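# Structural overview for review
These are the residues of each chain, in order.
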Amino acid sequence: MHDFHYVGSKLYCERVSIDSLVKKYGSPLYIYSQHTLTDHFTKLDLALAPLEHLVCYAMKANSNASVMRTLANLGGGFDVVSEGELRRVIAAGGDARKCVFAGVGKTEGEIEYALRQGIYSFNVESEPEIIRINKVAARLKKVAPIAVRVNPNVDAGTHAKITTGTYENKFGIAFEQVEGVYARASKLKNIKLRGLQMHIGSQLTKVKPFELAVEKVLPLVSKLAAKYKFEFFSIGGGLGIVYNPALDSGSAEWWQSPGNKQILTPASYASALVPLLQPLNLRILIEPGRFIVGNAGILVTRVEYVKRTGKKNFVIVDAAMNDLIRPAFYDSYHEIIPVLRGKSKATISSDVVGPICESGDYFAKDRPLPKVGEGDYLALLSAGAYGSVMGSNYNSRGLIAEVLVNGNKSAVIRERQELETIWERESIAPWLK
Ligand code: LLP
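Below: a short report on this structure. (Residues numbered from 1 in each chain as written. Predicted model: local features only at pLDDT ≥ 70, side-chain atom pairs only at ≥ 80, totals over all residues. Heavy atoms only, no water.)

### Topic: the layout of surface pockets
Over the atoms rolls a probe the size of a water molecule, and its path tells where empty space is left. Estimated volume of the largest pocket: approximately 880 Å³. Lining the largest pocket are 30 residues, and of these Tyr-6, Glu-335, Ile-337, Pro-338 and Arg-341 sit closest to its centre. Elements supplying a minimum of two residues to the lining of the largest pocket: β1 (4-7), α9 (245-249), β16 (336-338) and β18 (362-369). Both domains that meet at the lining of the largest pocket, namely domain 1 (4-8 + 295-422) and domain 2 (103-286), each give it at least three residues. (1 Å grid on protein atoms, 1.4 Å probe; cavity = no way out; pocket = protein on both sides within 12 Å on 5 of 7 lines; lining within 4 Å. Points joined across faces, edges and corners; volume = space filled by probe spheres on them. Helix = DSSP H or I, 4+ residues; strand = E, 2+ residues; numbered from the N terminus. Domains from an automatic or database assignment.)

### Description of empty space enclosed by the protein
For the coordinates displayed, the defined rule picks out 4 cavities of 30 Å³ or more. The space that makes up the second largest cavity amounts to roughly 40 Å³. Looking at the second largest cavity, the residues that line it are Met-1, His-40, Gly-240, Ile-241, Val-242, Ile-263, Leu-264, Phe-291 and Asn-295.

### Here we look at the site of the ligand
Every one of the 19 residues lining the ligand counts as a neighbour, but Ser-202, Glu-287, Arg-326, Tyr-330 and Tyr-386 are closest to it. In the model, a nitrogen atom of the ligand is placed 2.6 Å from a nitrogen or oxygen of the Tyr-330 side chain. Contacts to the ligand include Tyr-386, whose side-chain N or O atom sits 2.6 Å from an oxygen atom. Within the complex, 92% of the 580 Å² of free accessible area of the ligand lies under protein. A domain-level breakdown of the shell around the ligand finds at least three residues from each of domain 1 (4-8 + 295-422) and domain 2 (103-286). (Near = heavy atom within 4 Å. Polar contact = N/O pair within 3.5 Å; in protein donor to acceptor, adjacent residues only side chain to side chain. Areas by Shrake-Rupley, 256 points an atom, 1.4 Å probe, with all protein chains shown as cover.)

### Overview of the packing of aromatic side chains
Counted according to the given criterion, the structure contains 9 aromatic pairs. Between Tyr-30 and Tyr-32, the aromatic rings sit 6.2 Å apart at their centres with planes inclined by 10°, giving stacked as the arrangement. In this pair, the class of Tyr-30 matches that of Tyr-32, namely buried. Relative to Phe-230, the ring of Tyr-228 has its centre 6.5 Å away and its plane inclined at 25°; by these criteria the two rings are stacked. A relative accessible area of 8% places Phe-230 in the buried class. Linked through ring pairs, Tyr-182, Tyr-228 and Phe-230 together constitute an aromatic cluster. Just above the ring of Phe-175 sits the side chain of Lys-216; from NZ or CZ to the centre is 4.9 Å. (Phe/Tyr/Trp six-rings, centres within 6.5 Å; stacked < 30°, edge-to-face > 60°. Buried < 20%, exposed > 50% of the residue type's maximum accessible area, 1.4 Å probe, protein only. Lys NZ or Arg CZ within 6 Å of the ring centre and 35° of its normal.)

### Here's the deal with the sheet that holds β1
Within a sheet, adjacent strands bond to each other through the backbone by hydrogen bonds, running parallel or antiparallel. Spatially, β1-β2-β3 is the arrangement adopted by the 3 strands of the open sheet, whose pairing is antiparallel. In the strand order of this sheet, the two ends are held by β1 and β3 (16-17), each with one partner. (Pairing = 2+ DSSP bridges.)

Okay, here's the thing in structure tokens:
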């Protein structure tokens, strides 16, 4: 399910060798495969074909303009969470009428902008938000389409920091309160009740929690749909991907074994959910982010030093937690493989660390890796989702470049940030001059 593979000793993205890309564009570097992106989107879209549906890509996972354009060209809509994201959709050539707007803290300014662009629906997360949307819509003489995000209180069994569908989380409106909220909202003149939405968490590697949540919400959605003439039901995103082939799929060749039952695939997802959803006769929205883009991207980094202490073998690389924060933040696993593979199968237990002054600045701990030295390149896999977008300028490091590959073509889709631009919007307070 991705297009990164070895040809002989060289790692390739589609038909371009990674070493040629780092030679051309420098390091560290994010590299995305357009074919993988397209393939993931299309497989999901086809699996849902028995339903009237819209795939609204959760662009928070990766909002690069070229990634967005690829998905917009395939007919995708977008799940946005800020005015900035909606502006990005429009700048990338996407259709605001295919956008849903989520998030617990929409400001009046954001609501106004989204209403003016004619988005498909606000996915509202509280009653005060509905009142605010109604007020802004009245001022603009518009009717705002909304869907309540129901919190079904189902534990998705994923990492605590990415669980969103239990009452411990700030998201959505509690299952028991939803009917009352719709009843009150139906009295507001500038609100149109267009649907219902839910999202239970991210990186779900099993179908069961999706099934349980949909089963729990189904009676509610059919009742409300009949009462308020809904158009849609959004089942959110959260489809997990394989990060660690040994653990997540039971097979190192997971992408070559489509029959592998342990992997969440578009087919396994759809075969569980389509029969449940079909009788609703509603348009079904899904909001996948990671599933589309996660395995479509890698982060390539250069080995600067190898430092052996009494206890550890530290591989010090030029990428850092400011480029990919997931290991530091969620303890997450990213597979690490060499860009040029040696003949020896011998490995050495290594910590792969960045140059930032924090102990948390690591990509792997005690990982068996081939022996590497200064000037070698490593690829961190599955870095397409929540990688670049969560990047920062910590330690005054510039945001790194991003490249898109399509067949034998490659193009820079984000330039490496010039260091001076990091502080160009700062100034010296007048009394310090
Ligand atoms: N819809 C809503 C309302 C969401 O909050 C999210 C993700 C998605 C869709 C997309 O979820 P996905 O299909 O990508 O799992 N930074 C974390 C993930 C945070 C996810 C936040 N919400 C990570 O790196 O794992």
